[in-house]
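Given next are the chains, with one letter for each unit.
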Amino acid sequence: MNELSTMSQRKRAKNKMRLFTVGPVEMYPETLEIASKQLPYFRTDEFSDIMKENKAMLLQCVNADEGAHAIFLTCSGSGAMEATVLNCCLKSDRVLVINGGGFGKRFCEICEIHNLDYSSVDVPFGEKLDASHLEKYNLCEYDVMLVNMHETSTGQLYDIDMLRDICEKNNIFLVVDAISSFGADDVDMKNQKVDALIMSSQKALALAPGLSMVVISKKMWQERVLINEKKSLYFDFISCDENLLRGQTPFTPAVRILIELNQRLKQYIFNLADEKYKRANLVKWFRTELVRKSFIIPSYPLSQSLTPVLLEQDAYQFYTRLRNEFELTVTPCGGELKNKMIRIGHLGNLEKMDYERLLNAMEEIRGCI
Ligand SMILES: *Cc1c(COP(=O)(O)O)cnc(C)c1O
């Protein structure tokens with residue numbers, strides 16, 4: 001074990017490339033150690049025990065209500081978004097989608113493909129989502145709201161408490177994609193009255209991509225999942241739930257990532273507050289430095305998982321130069337923002353000295369164009 005651990009540390013020291021991405025991100029040595037081992041067979045009591053433990057820890061980490069259900073899926077986050085819509089929306093439901101960028105648009109596309117009656121609440125880039133964006137809708141006619149807690153394409157963190165109050169008042173189920181927020185921002189199903197919470201392995205959990213989790217409230221389970229028609233073989237939550245009772249999944253699960261998850265969730269339960277506090281301090285310091293160096297950060301509320309930076313020079317070229325000349329990979333933007341903004345991730349195994357290196361490189365590139 002020790003030998004492996006020093007091996008991965010040596011590799012990390014030699015490999016100079018640093019990922020300031022939102023997924024996959026820099027993994028922790030403990031995860032890399034697991035990734036180097038032979039996989040066990042999974043239809044066994046030993047693996048069932050790991051799954052039962054994963055389920056209990058996950059429910060605890062998100063503060064799920066009594067009677068909540070956990071679903072483990074072998075797919076990236078978008079698969080879990082689609083699976084959640086399939087299982088939690090009835091054919092007759094009217095759906096509200098908060099659409100402030102690429103991931104909000106993805107929810108719209110999912111509704112479109114599955115013929116759901118939906119309205120897109122558009123939040124133009126640069127605007128902060130507030131209650132006024134929802135004013136023109138007759139809210140009591142809607143059944144389900146779909147929202148990305150953090151719209152990762154822009155970095156905006158939405159006010160979930162505000163959305164919770166609106167949903168509660170109008171009897172709307174609240175579905176929250178917390179894929180880039182879980183582990184970084186405040187995620188609390190009971191307090192935020194979330195009916196379905198979506199998470200994925202490759203963001204703040206800093207695991208390999210390919211595993212996604214959904215936690216469903218008791219109310220959502222009884223009033224939607226159980227009465228819904230079966231629309232998919234692979235994404236059938238009822239079958240997942242029945243299998244999980246004995247610690248199993250209907251199909252071959254992402255065995256390795258589930259073992260990685262087991263280690264990470266244990267660490268989380270003991271250290272989540274500590275990890276969050278450390279990240280909050282680092283992010284605060286980094287943003288202050290950016291402003292001091294006259295870099296421009298958008299004014300809407302931000303997630304702890306990334307810092308968007310608006311650049312006067314071509315942002316895509318800036319990203320390319322950081323990668324090619326400095327071995328620093330930040331996250332480029334897509335669509336209209338591609339040449340205007342970069343996103344700097346705060347997830348995974350990154351330290352202050354990594355950000356110091358990044359800040360120096362950013363100043364150097366800005367200076368010489
Ligand atoms: C990363 C992410 C997803 C999932 O994207 P995949 O590429 O399918 O993993 C979904 N929603 C948000 C908000 C994300 O940040």
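That block above? That's the structure.
Predicted model only: the values in this text are computed from it and were never measured.

Trainee: Explanation requested: the site of the ligand in the structure shown.
Mentor: Lining the immediate surroundings of the ligand are 13 residues, of which S76, S78, T152, D177 and K203 lie closest. Here an oxygen atom of the ligand sits 2.5 Å away from a polar atom, N or O, in the side chain of S76. Interatomic distance of 2.6 Å between a side-chain N/O atom of S78 and an oxygen atom of the ligand. About the coverage of the ligand: the protein hides 87% of its 390 Å² of free accessible area. When contributions to the shell around the ligand are tallied by element, the ones reaching two or more residues are α4 (77-88) and α5 (102-113). For the shell around the ligand, the element with the highest residue contribution is α4, accounting for three residues. Here the shell around the ligand is built from residues that sort into three nonpolar, seven polar and three charged.

Trainee: Help me understand the nonpolar core, please; the structure alone is not making it clear to me.
Mentor: For soluble globular proteins, nonpolar side chains are generally found buried alongside one another. Grouped together as the largest cluster of nonpolar side chains are 65 residues, with contacts concentrated most on F72 and I98. In terms of residue count, helix α9 (residues 255-292) provides more of this core than any other element does, seven residues in total. Setting aside residues no more than four positions away along its own chain, I98 makes contact with G104, V121, V123, L129, L134, M145, L146, V147, N148, Y158 and L163. Counting 32 residues, the second largest nonpolar core, distinct from the first, contains L73, C75, M81 and C111.

Reading the values: rules and limits
Residues numbered from 1 in each chain as written. Predicted model: local features only at pLDDT ≥ 70, side-chain atom pairs only at ≥ 80, totals over all residues. Heavy atoms only, no water. Near = heavy atom within 4 Å. Polar contact = N/O pair within 3.5 Å; in protein donor to acceptor, adjacent residues only side chain to side chain. Areas by Shrake-Rupley, 256 points an atom, 1.4 Å probe, with all protein chains shown as cover. Helix = DSSP H or I, 4+ residues; strand = E, 2+ residues; numbered from the N terminus. Nonpolar A, V, L, I, M, F, W, Y, C, P; charged D, E, K, R; others polar. Core = buried A, V, L, I, M, F, W, Y, C linked by side-chain atoms within 4.5 Å. Buried < 20%, exposed > 50% of the residue type's maximum accessible area, 1.4 Å probe, protein only. Contact = heavy atoms within 4.5 Å.

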